[in-house]
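Chain residues, written in single-letter form:
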Number of protein chains: 2
Amino acid sequence: MPDCVIQSVSTRDARFPLPEGAGTDSVHTSSEYCFAVTLLASAGGPSGTGITLTLGVGNRLVCEAIELLARPLAGMAIEELMADFGRFSRQLADEPSLRWLGPHKGVVHLALASITNACFDLWAKSRGVPLWKLLLDLTPEELARLLDFSYVEEILDQQDALGILRDHLRTRPGRESVLRCGYPGYDTSVGWMAYGDDKVKELTARAVDRGFKAFKLKVGSADEDRDLRRAAMLREFVGDSATLMFDANQHWNLPVAIRMCRELAAFRPLWIEEPTHPDDIQGHVLLAKEIEPVKIAAGEHIPNRVVFKNFMQAGALHFVQADCTRLAGVSEFLTVSFLAVKFGLPVVPHVGDMGQLHQHLVLFNHIALGQEILFLEHIPHLREHFVFPARVTGGYYQTPQEPGASCDLKPTGSGG
Amino acid sequence: MPDCVIQSVSTRDARFPLPEGAGTDSVHTSSEYCFAVTLLASAGGPSGTGITLTLGVGNRLVCEAIELLARPLAGMAIEELMADFGRFSRQLADEPSLRWLGPHKGVVHLALASITNACFDLWAKSRGVPLWKLLLDLTPEELARLLDFSYVEEILDQQDALGILRDHLRTRPGRESVLRCGYPGYDTSVGWMAYGDDKVKELTARAVDRGFKAFKLKVGSADEDRDLRRAAMLREFVGDSATLMFDANQHWNLPVAIRMCRELAAFRPLWIEEPTHPDDIQGHVLLAKEIEPVKIAAGEHIPNRVVFKNFMQAGALHFVQADCTRLAGVSEFLTVSFLAVKFGLPVVPHVGDMGQLHQHLVLFNHIALGQEILFLEHIPHLREHFVFPARVTGGYYQTPQEPGASCDLKPTGSGG
């Protein structure tokens, strides 16, 4: 196959106002989802689309950072680029004049996420396969060369990654049934902070009808009694067999988190998510001990593999909510997934991409790495804006068949 | 005194190419220092200048983030603002549409640093006093209200800060002699990575002549033998009585850091700085144990008080190199200084401001918090661009007397 060459890089500052109250939580009070989009044009071939999520006016900053950071891509052949992407990714992450702005976090790292995701999309499209299939068809050596192991080598290096891949090769066929059955989803859109009780109940009833068995509720409001009342209400409404998760979106300091998690334990959550500041590893460790056996989920604001490594080493989280639009894209997401395998922890992504891209990655994680099937977050608010929106039927993500990473957006003005 | 009201906020993207090789280290190969400057205009009164350092093209992103973040400032009276600045600072740091881009790190947090520093500068100028005097003249209650204790309360809350201030009130007069004697400096500009041996020796000899007794050398190059040779050369050149520090600027992974720190120990550094990735708390802990009694300095890339708290809790560093142009400005620098007092650690700032602003803060830390006098980094490359450049005589920073925070820059086109 002739190699596809990147001709030019452009960006799109895509903003989508949400329905009233959607997307609200304890710290994010506005209702706007935005994607800082990287677009890679190739000569006569497909174009690559990469996205990263932001929540408002700052989206423009990420688009500008993409333009500064992606300059070396023009003129590169995609197969050549992806044959040693780990090295290239490190080079971009350490760009000498931009590195100071992080390093490996904040606006510039979000830009790297968008760029990286566009590269993977273009690569899969140029081979004419969905991303999950591209990743599964790579040899262990090809896969490991996608990853940047720098600063995690004492826990995970290339040899470790190869070992994990090879160990799971023989048992792969047994796990491929997920491609036919689909990957279960859970619904976050029933319990936004600004929604009243009646709306939560109505949306939950609809989600139950559509086949969902797991639901997330926002907590962490200034009114703690409201949190507890809503949690009680939702548990009563869904009954004992449904799965609930509570999400505080970092609002609590440590003493409040200890108190509130103990109170919320009565409503049997599978996890409590982002209980306190996402940088506070030691705070999570102390909290985990204090609220045992309640489990902690975190990751949507953990910026890179180094911080994830520290969280895992410290025993500071039980569910790894890696997000390939917060981390440096698909490749750093995979590195974190390998780390999670090392520490025996489940990866349950946060879907900054609305689940479009992560639906591919959870299939890879299950089949190639042996990660157990839990469920993948589902937030439907932007589905009409995607060319190939994730198909969720009976509560299950249906395996995407279109070439690429499912992130192409309809042109401005189309959609809702 | 009539309150000074902020009329408008503007920014300046100030870039200063450095002399060949200056500013280079193991990860920053370009020679350009930039300030993202916040300018606060007041009606008929002084103007406030705040700076944050960056190293190149990304400076523009920080200026744009300042413009987005600083909107609430226009129309505010400075005394009213500073009477409850801790609350205001938290409000800006948690701005719902920008918070996702961090939180509390990266481009947006650098912007907050610049904004905060401009507020402190305007406040000091409006009272007609240098910043160090403004801070020292505040009551403990006024001082504590400048600080945002959120997410560090279990270690340091308002009562703790008040206690520290009150405990040191009685013994203050004994420490005020520093105002007359000056605060010792150390010279970083002798040992940039790109400098050849002869140049390092020549610059060191000059610095010795100017009264300096402590010097920093860049290490962490791809050529480890070069690092060791330069370290040996400098130790031999300065003799046993001089103080040396080695700075790897994050280049090493953990195994290499352990090996290189052990080798460099032969040259008796006071500390080894940024030995590995600045997010890797656990890596620093393991390293500290492995290389005992060699000490670790870190902080120029530690983004906020929460991460500093974690570093201190873990015993991951010995010298706290807080930088008020990386942290959210003067106020978060002070919060970190209080944390350091709690943990019995010395604060030795990294001077992202070239020492202009930090010369005020080390005086406060010594006199009001009882922090021991070590020395303050001195990098002279941009001195000609400041209206009131720090005066360093006989190796000592002379106490600044001009009103404000000493950060006003000459207009574009003037200076060198």
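Residues numbered from 1 in each chain as written. Chains lettered and ligands numbered in written order. Predicted model: local features only at pLDDT ≥ 70, side-chain atom pairs only at ≥ 80, totals over all residues.

**Brief notes about the pairing of strand β7 (residues 243-247) of chain A**
Residue and element names in this part refer to chain A.
Thought 1: Most of β7 sits out of view: 4 of its 5 residues are buried.
Thought 2: Pairing of strand β6 (residues 214-218) with β7 involves 5 bridges; the strand directions are parallel. The residue of β7 that forms the bridge with K216 is M245.
Thought 3: Pairing of β7 with strand β8 (residues 271-273) involves 3 bridges; the strand directions are parallel. The residue of β8 that forms the bridge with M245 is W271.
Thought 4: In the classification by handedness, the crossover that spans β7, the intervening helix α12 (residues 254-264) and the parallel β8 is right-handed. (Buried ≥ 20, exposed ≤ 12 C-beta atoms within 10 Å, placed from the backbone. Helix = DSSP H or I, 4+ residues; strand = E, 2+ residues; numbered from the N terminus. Pairing = 2+ DSSP bridges. Right-handed = clockwise from strand over helix to strand, strands pointing away.)

**Description of the pairing of β6(A)**
Each regular strand shows side chains that alternate between the opposite faces of the sheet.
Residue and element names in this part refer to chain A.
Thought 1: Extensive coverage of β6 is indicated by the burial of 5 of its 5 residues.
Thought 2: Covered by surrounding structure in β6 are A214, K216 and K218 together with F215 and L217, the residues of both alternating faces.
Thought 3: For strand β5 (residues 183-191) and β6, the ladder comprises 2 bridges, and the chain directions are parallel. If you follow G191 over to β6, its bridge partner there is L217.
Thought 4: Taking the sense of rotation as the criterion, the β-α-β connection linking β5, helix α10 (residues 197-209) and β6 turns out right-handed.

**Details of the interface of chain A and chain B**
Thought 1: Taken together, the 47 residues of chain A in the interface contact 47 residues of chain B.
Thought 2: Of all the elements in the fold, those that place two or more residues in the side of chain A that touches chain B are α1 (59-69), α4 (106-127), α12, α13 (281-291) and α14 (305-314) of chain A.
Thought 3: Partitioned by chemical class, the residues of the side of chain A that touches chain B number 21 nonpolar, 18 polar and 8 charged. (Contact = placed C-beta atoms within 7 Å. Nonpolar A, V, L, I, M, F, W, Y, C, P; charged D, E, K, R; others polar.)

**Comments concerning the environment of A14(B)**
Residue and element names in this part refer to chain B.
Thought 1: Within the secondary structure layout, A14 lies in strand β1 (residues 6-17).
Thought 2: Residues A14 and I51, 37 residues apart in the sequence, show an inter-C-alpha distance of 9.7 Å.
Thought 3: Once residues within four sequence positions are removed from consideration, A14 is found in contact with C34, F35, V37 and L409.

**Here we look at the domain arrangement of chain A**
All names here are of chain A.
Thought 1: Domain parsing of chain A yields domain 1 (6-128) and domain 2 (173-397).
Thought 2: Contact with domain 1, which involves 27 residues of that partner, is made by 29 residues of domain 2.
Thought 3: Listed by contribution, the elements that provide at least two residues to the side of domain 1 that touches domain 2 are α3 (85-93) and α4.
Thought 4: Per element, the largest residue contribution to the side of domain 1 that touches domain 2 is 6 residues, and it comes from α4.
Thought 5: Of the residues assigned to the side of domain 1 that touches domain 2, the class counts are 12 nonpolar, 13 polar and 2 charged. (Domains from an automatic or database assignment.)

**Overview of the relation of the copies chain A and chain B**
Thought 1: Mapping chain A onto chain B is achieved by rotating through 180° and translating by 0.0 Å along the same axis, at an RMSD of 0.0 Å. Classification of the inter-copy transformation places it as that of a two-fold axis. Taking C-alpha positions as reference, the residue of chain A nearest the rotation axis is G106(A), located at 2.2 Å.
Thought 2: Same-surface contact between copies: 100% of interface residues of chain A are shared with the interface of chain B. (Least-squares fit on C-alpha atoms with pLDDT ≥ 70 in both.)

**Quick word on the confidence of the model for chain A**
Thought 1: Within chain A, residue pLDDT values average 96, and 99% of them lie at 70 or more.
Thought 2: Overall fold confidence (pTM) sits at 0.98, and the ipTM for the predicted complex is 0.97. (pLDDT = per-residue confidence, 0-100.)

**Re α3(A)**
All names here are of chain A.
Thought 1: Among the residues making up α3, those that are buried are F85, F88, S89, L92 and A93. Projected down its long axis, α3 shows its buried positions confined to an angular sector of 135°, all on one face. With respect to the buried face of α3, the exposed residues turned more than 90 degrees away are R87 and Q91. (Arc of directions from axis to C-beta.)

**Re the nonpolar core**
Thought 1: Core analysis: the biggest nonpolar cluster contains 278 residues, and V107(A), A111(A), V107(B) and A111(B) have the highest contact counts within it.
Thought 2: Sequence-distant contacts of V107(A), that is, excluding residues within four places in its chain, are made with L61(A), V62(A), A65(A), L101(A), L61(B), L101(B), G106(B) and V107(B). (Core = buried A, V, L, I, M, F, W, Y, C linked by C-beta atoms within 7 Å.)

**Remarks on the environment of L327(B)**
Thought 1: Here L327(B) lies in the loop between β10 (319-320) and α15 (329-343).
Thought 2: Through-space distance from the C-alpha of L327(B) to that of V108(B) is 11 Å; in sequence the pair is 219 residues apart.

**Thoughts on the packing of helix α4 (residues 106-127) of chain B against α15(B)**
Residue and element names in this part refer to chain B.
Thought 1: Between α4 and α15, whose axes approach to 6 Å, the crossing angle comes to 95°. As the angle between them shows, α4 and α15 are arranged roughly perpendicular. Here α4 contributes L112, A113, T116, N117 and F120 to the contact with α15, which in turn contributes G329, V330 and S331.
Thought 2: Counted by class, the contact of α4 with α15 contains 4 nonpolar, 4 polar and no charged residues. (Axes fitted to C-alpha atoms, helices over the stretch in contact; angles between N-to-C directions. Parallel < 35°, antiparallel > 145°, perpendicular 65-115°, else oblique.)

**Digging into the packing of α15(B) against helix α16 (residues 358-369) of chain B**
Helix packing for two helices is described by the angle between their axes and how far apart those axes are.
Residues and elements named next belong to chain B.
Thought 1: Two elements in contact, α15 and α16, have axes whose closest approach is 11 Å; the angle formed by their N-to-C orientations is 40°. Relative to α16, the element α15 lies oblique. Regarding α15 and α16, the two cross each other, and that crossing is right-handed. For the pair formed by α15 and α16, the contact residues are V330, F333, S337 and V341 on the first element and L361, N365 and L369 on the second.
Thought 2: Taken together, the residues of the contact of α15 with α16 break down into 5 nonpolar, 2 polar and no charged. (Left-handed = near helix turned anticlockwise from the far one by under 90°.)

**With respect to helix α16 (residues 358-369) of chain A**
Residue and element names in this part refer to chain A.
Thought 1: Burial runs high along α16: 11 of the 12 residues are buried.
Thought 2: Taken together, the buried positions of α16 are H358, Q359, H360, L361, V362, L363, F364, N365, H366, I367 and A368.
Thought 3: G370 lies just past α16 and shows a positive phi near 75°.

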